[in-house]
Amino acid sequence: MPELPEVETTRRGLSPHVVGRSFAAVNVYDPRLRWPVPHDLGKRLTGRAVDVLDRRSKYLLFRLGKDTLLVHLGMTGSLRAFSRPPPRRPHDHVDLVLDSGVTLRYHDPRRFGAILWIPGPADRHPLLARLGPEPFDVAFDAGYLWQATRRRSAAIKLALMDNHLVVGVGNIYANESLFRAGIRPTTPANRVSRARCARLVDEVRATLADAIAKGGSTLRDYVDSDGEPGYFQLEHFVYGRTGEPCRICGTPIRTRRQGGRATMYCPFCQR
Ligand SMILES: [Zn+2]
């Protein structure tokens, strides 16, 4: 599933191709995504110029004057730029053609993604209005995390993955950040001290930054390549390493389920 680092890499890869460009044509081959692609998307987009390509949580936001085109990659989606698009393959659902001739092609086998038109202020849209701060935003600091968790008795890992608290910390990054911060994932959120909240904020950012830096080396996959953009294989400390020795202390990594997702941790390093 594309996580925040993959979406941010997509944003960085596409930005040079779209900013300052206008949409020349829109081809919707199959509108059946998580929500239907608007039937009048072509009419809305054609002739409109992209001021900036933003990201909020895992949503790509093409800013066009006061209006916004929102793209979400869902579980299996990708959006790539082609100067000469190859023949359509199965699951290529939408082409957005720019006045430069570059085509942005949306591909999504499972169709849990979305392409939506948001007229007017996008931050009031129901998908965006209640999101917590971005992990790299100054608003996400130790004081904020400490305050926001005082009345939460749920496990710190579940709190970290709650988009109302902070956006973009998916399962892999929650596992890795908690290991790096030395915090047991099952610790009640309101039992994490202020000092450990500070450490956790630092490690969430460092973990995501490492993945984004890794993604930089795959940027070429977003433009004129036949391969699918890959997912970033970090050197994980705990994720996917159940039973293997902890990289720090050698204790076998343990696993358990939390909120339906796999949690991996070192019983020695994480207290
Ligand atoms: Zn360990």
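Please refer to the structure higher up on the page.
Residues numbered from 1 in each chain as written. Predicted model: local features only at pLDDT ≥ 70, side-chain atom pairs only at ≥ 80, totals over all residues. Heavy atoms only, no water.

Q: Please explain the sheet that holds strand β6 (residues 92-98) as it appears in this structure.
A: Strand pairing in a sheet is mediated by backbone hydrogen bonds. Such pairs are either parallel or antiparallel. The strand order across the open sheet built from four strands is β1-β6-β7-β5, with neighbouring strands paired in antiparallel fashion. Of all the strands in the sheet, just β1 (23-28) and β5 (78-82) have a single pairing partner and so form its edges. Strand-to-strand twist across the sheet, computed as the mean angle between neighbouring axes with direction ignored, equals 20°. Taken together, the five bridges between β1 and β6 define a ladder with antiparallel strand orientation. Looking at the pairing, A25 lines up with V97 of β6. Packing of helix α1 (residues 4-18) onto the sheet brings it into contact with β5, β6 and β7 (103-107), and relative to β5 it is tilted by some 35°. (Pairing = 2+ DSSP bridges. Helix = DSSP H or I, 4+ residues; strand = E, 2+ residues; numbered from the N terminus. Axes fitted to C-alpha atoms, helices over the stretch in contact; angles between N-to-C directions. Contact = heavy atoms within 4.5 Å.)

Q: Teacher, can you tell me more about the pairing of strand β2 (residues 52-56) here?
A: Looking along a regular strand, one sees side chains alternate from face to face of the sheet. Here β2 shows one buried face, formed by L53 and R55, and one open face, formed by V52, D54 and R56. Counting the residues between successive antiparallel strands, the hairpin from β2 to strand β3 (residues 59-64) contains two residues, one of them, S57, with a positive phi of roughly 55°. (Buried < 20%, exposed > 50% of the residue type's maximum accessible area, 1.4 Å probe, protein only.)

Q: Even after reading the chapter, I still don't get the environment of G113, so can you show me in this structure?
A: Mapped onto the secondary structure, G113 falls in the loop between β7 and β8 (114-118). In the structure, G113 is positioned 50 residues away from R63 in sequence and 19 Å away in space, judged by C-alpha atoms. Apart from residues lying up to four places away in sequence, G113 is in contact with L33, R34, W35, H72, L73, G74, Y106 and D108.

Q: Just checking my understanding: could you explain the sheet that holds β2 for this structure?
A: With antiparallel pairing, four strands are arranged side by side in an open sheet as β2-β3-β4-β8. Two strands lie at the open edges of the sheet, namely β2 and β8, each paired on one side alone. On average, each strand axis in the sheet is tilted by 20° relative to the strand beside it, whichever way the strands run. Where α1 meets the sheet, its contacts fall on β2 and β3, and the angle it forms with β2 comes to roughly 175°.

Q: Sorry, what's going on with the pattern of salt bridges here?
A: If the charged atoms of two oppositely charged side chains come close together, the side chains can form a pair. The tally for this structure, following the rule as stated, stands at 21 salt bridges. Close ionic contact of E8 with R55 constitutes a salt bridge, the shortest N to O distance being 2.7 Å. Of the two residues, E8 sits in helix α1 while R55 sits in strand β2, which places them 47 residues apart along the sequence. One exposure class covers both E8 and R55, and it is buried. Here R199 ties to E203 by a salt bridge, and the two come within 3.3 Å at their closest N and O atoms. Separated by four residues within a single helix, R199 and E203 lie in helix α7 (residues 194-216), roughly one turn from each other. For R199, a relative accessible area of 40% translates into the label partly exposed. (Salt bridge = Lys/Arg side-chain N within 4 Å of Asp/Glu carboxyl O.)

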